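Survey of secondary and tertiary structure
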Amino acid sequence: MRAVVESRGVDIEFDVGAGKVLALLGPNGAGKSTALHVIAGLVHPDRGEVRIGNRVLTDTAAGVHVATHDRRVGLLLQDPLLFPHLDVTRNVAFAPRSSRAAAAHWLAEVDAAELGDRRPRQLSGGQAQRVALARALAAEPDVLLLDEPLAGLDVAAATAMRKVLRRVLARDGRCAVLITHDLLDVLTLADHVLVLEEGRIAEAGPVAPVLAAPRSRFGARFAGVNLVGGTADPDGVLTTQWGTTWHGSPGPDVVAGESAVALFKPAAVAVYRDKPHGSPRNTVEVTIAELDSRGPVIRVRADEQSDGAPGLAADITAQSAAELQLSPGDHVYFSVKAQEVTIHLSS
Amino acid sequence: MLPRWIFIPAAIGALFVVLPLIAVAAKVNWLHFWSLITSESSTTALLLSLKTAAASTALCLLLGVPMAMVLARSDARLVRMARPLILLPLVLPPVVGGIALLYVFGRLGVIGEYLNAAGIQIAFTTTAVVLAQTFVSLPFLVIALEGAARTAGADYEVVAATLGARPTTVWWRVSLPLLAPGLISGAVLAFARSLGEFGATLTFAGSREGVTRTLPLEIYLQRESDADAAVALSLLLVAVAAIVVVGLGSRRLRGANAW
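My aim in this report is to walk through the structure given alongside it, one point at a time. Everything numeric in this text was worked out from a predicted model, so none of it was measured. (Residues numbered from 1 in each chain as written. Chains lettered and ligands numbered in written order. Predicted model: local features only at pLDDT ≥ 70, side-chain atom pairs only at ≥ 80, totals over all residues.)

1. Focus: the sheet that holds strand β22 (residues 342-345) of chain A
All names here are of chain A. The strand order across the open sheet built from six strands is β14-β13-β12-β16-β22-β15, with neighbouring strands paired in mixed fashion. Strands with a single pairing partner mark the edges of an open sheet, and in this sheet they are β14 (245-247) and β15 (249-250). Both strand β16 (residues 259-264) and β22 contribute to a ladder of four bridges, which runs antiparallel. Across the sheet, residue Leu263 finds its bridge partner in β22, namely Thr342. (Pairing = 2+ DSSP bridges. Helix = DSSP H or I, 4+ residues; strand = E, 2+ residues; numbered from the N terminus.)

Written out as structure tokens, the structure reads:
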């Protein structure tokens, strides 16, 4: 699929392999939902093409725009949108391709067999979302579009829904596009990820490498790693636009003089009140923006970097946080050993 | 928390609405009430009123539901421009509406000329009563339904389309059932407005007993000759309107938790 939607500043192109699940990540307003709406035929792109297998659904050059109801594209939103005037079985049997028998089958598939006679208002959020999934699957779509289907659910309901999604997505070999803000969804459901920033693709690739070494700001924040952008030199030193240098181990793809990113984990960052002396480490002075407790560790998030990238994060123990007496607005030093930093070519 | 003084104008307003109704009830000659409202001219007028109001409500539904849905769902510039025009009868004096209808369906009207040539006469017939009532009631139904359709949003229709349902199927199986509560209250409003229609009917349909003389026209006529009959019929109209409005009220309550 390829789409340019000028009114929303979106220009993207991607493929999803047969039977694969693609996770679309990105900040709000990056164009994720617009991409799904183009696939579903709800938004006419200014230029672009949508193809499922050898079926052309949208081709602006040839003037093709198949109506939504003929696309065989299932859509599941954060709001389950079960038809309130129909009981659960009739909801799942709604699609012309579905039937009461199909409804019983799909309700069993989503662990909701016993809910058939209920009205939508008698369901919990998690039950309603599983029924909505059954309804979408009963229409036998070629592609399933999932727009944050787990976002409104509590932890237990989301876990149950994730289990069901994983089962039906893995088995039927139907491809899916999933919009999510949850790392767990990506790890458990997706094969590939694609990060959108401001209507453009910031990075794309299989889940594991992207999450291990993200090249985009959003990807880094999502995966929970620190990212510093700059220019690489052949010795594994990265220089930022504002003149700080980062020492690390360069990846094989790094080209001297090209733009690159330095990545390191928050846990590898040490925090000091006073500038540490005579150490070969990378040390930067930062202002604390926020402190956040995450189980036994305290996440110290610094102010935004000079190029607007998310602030660096450090994970320290509660004990050292107490000894340092940190609070937002304090000036401190973040220090990282060179062997904890990897340098990669940026996308 | 409301300031206390606000209850004073509110109470005066309520009295202003209720007092005339009480005054009518007090004026009624209860001794002859039954014979007054069952006189032949009264029952004829009441039956004609109920029949024409029912017909115009049906016509309002037939035309108003599609109008409301187009207004609620379409962003086209033409639709946006047409909206105030369509709702104009809401603020137009009914007499003016009646005159306007005469210039469309009258013997020399834009359409009436051709209808007349084909031997069809509309002005001053029962059909004219129904058209006059529809003209003034339609905006009430459209505005009530449009609000309901906007509140419901298009999300259910989008989901139905992704399930493979064609637009016509979506219309019958999703859009209309979801609109049902708004549909009922809109129809009741249109029926009540039709029942009370006077100005447009008199201008466009005249006052022929049994043909175009509806209950409000009968009341106005009786007021000259037989004040007791006029008061009794007024109370009857109030009673019918009250039944309709109370029916609407309870329907509305049910509508909110209908599903």
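2. Quick look at the interface of chain A and chain B
On the chain B side, the residues contacting the 21 residues of chain A number 14 residues. Here the side of chain A that touches chain B gets three residues from one element, more than from any other, and that element is strand β7 (residues 73-76) of chain A. (Contact = placed C-beta atoms within 7 Å.)

3. So, helix α4 (residues 125-138) of chain A
All names here are of chain A. Here α4 is 14 residues long and its end C-alpha atoms lie 20 Å apart, about the 20 Å a rise of 1.5 Å per residue gives. Burial analysis of α4 places 13 of its 14 residues in the buried class, which makes it a mostly covered element. A positive backbone phi angle near 50° is found at Glu140, which sits one or two residues after α4. (Expected span 1.5 Å × (residues − 1). Buried ≥ 20, exposed ≤ 12 C-beta atoms within 10 Å, placed from the backbone.)

4. What about the pairing of strand β5 (residues 55-59) of chain A?
Residues and elements named next belong to chain A. The sheet contact formed by strand β4 (residues 47-52) and β5 spans four bridges and is antiparallel. Its bridge partner being in β5, Ile52 is matched across the sheet by Arg55. As consecutive antiparallel partners, β4 and β5 are separated by two residues, and within that stretch Gly53 has a phi angle of approximately 60°, a positive value. With two bridges connecting them, β5 and strand β6 (residues 64-65) associate as antiparallel partners. Looking across to β6, one finds that Asp59 is bridged to Val64. Linking β5 back to β6 in an antiparallel pair, the connection comprises four residues, with Gly63 at a positive phi of about 75°.

5. Observations regarding the sheet that holds strand β1 (residues 2-5) of chain A
Residues and elements named next belong to chain A. As summarised here, the arrangement of the five strands in space is β2-β1-β4-β5-β6, forming an open sheet in which the pairing is antiparallel. The sheet terminates laterally at β2 (10-13) and β6, the two strands that pair on one side only. Across the sheet, helix α1 (residues 32-40) touches β1, β2, β4 and β5, and the angle it forms with β1 is around 115°. (Axes fitted to C-alpha atoms, helices over the stretch in contact; angles between N-to-C directions.)

6. Re the packing of helix α3 (residues 100-109) of chain A against α4(A)
All names here are of chain A. For the pair α3 and α4, the least separation of the axes is 9 Å and the interaxial angle reads 135°. Judged on the interaxial angle alone, α4 and α3 are oblique. Considering the relative orientation of α3 and α4, their crossing is right-handed. Across from Ala102, Ala103, Trp106, Leu107 and Glu109 in α3, the residues of α4 making contact are Ala134, Leu137 and Ala138. The residue makeup of the contact of α3 with α4, split by class, is seven nonpolar, no polar and one charged. (Parallel < 35°, antiparallel > 145°, perpendicular 65-115°, else oblique. Left-handed = near helix turned anticlockwise from the far one by under 90°. Nonpolar A, V, L, I, M, F, W, Y, C, P; charged D, E, K, R; others polar.)

7. Topic: the packing of α4(A) against helix α5 (residues 155-172) of chain A
Residue and element names in this part refer to chain A. It is the contact of α4 with α5, at a shortest axis distance of 9 Å, that shows an interaxial angle of 15°. What the angle tells us is that α4 and α5 run roughly parallel. Crossing hand, α4 versus α5: right-handed. Along its contact with α4, which presents Gly125, Gly126, Gln129, Arg130, Leu133 and Leu137, the element α5 presents Ala157, Ala160, Met161, Val164, Leu165 and Val168.

8. Overview of the environment of Ala267(A)
Residue and element names in this part refer to chain A. On the secondary structure map, Ala267 appears in the loop between β16 and β17 (269-272). Assessed through the 15 C-beta atoms surrounding it within 10 Å, Ala267 is described here as partly exposed. Separated by 96 residues in sequence, Ala267 and Arg171 place their C-alpha atoms 38 Å apart.

9. What about unusual backbone geometry?
All names here are of chain A. Positive phi, normally seen in glycine, also occurs at Glu140, with a value near 50°. Considering the arrangement of structural elements, one finds Glu140 in the loop between α4 and β8 (143-147). We classify Glu140 as partly exposed; it has 17 C-beta atoms within 10 Å.

10. So, the pairing of strand β11 (residues 200-206) of chain A
Residue and element names in this part refer to chain A. The pairing of strand β10 (residues 192-197) with β11 spans six bridges and is classified as antiparallel. Along β11, the bridge assignment pairs Val193 with Gly205. Hairpin connection between β10 and β11: a loop of two residues separates the two successive antiparallel strands, and Glu198 in this loop has a positive phi of roughly 50°.

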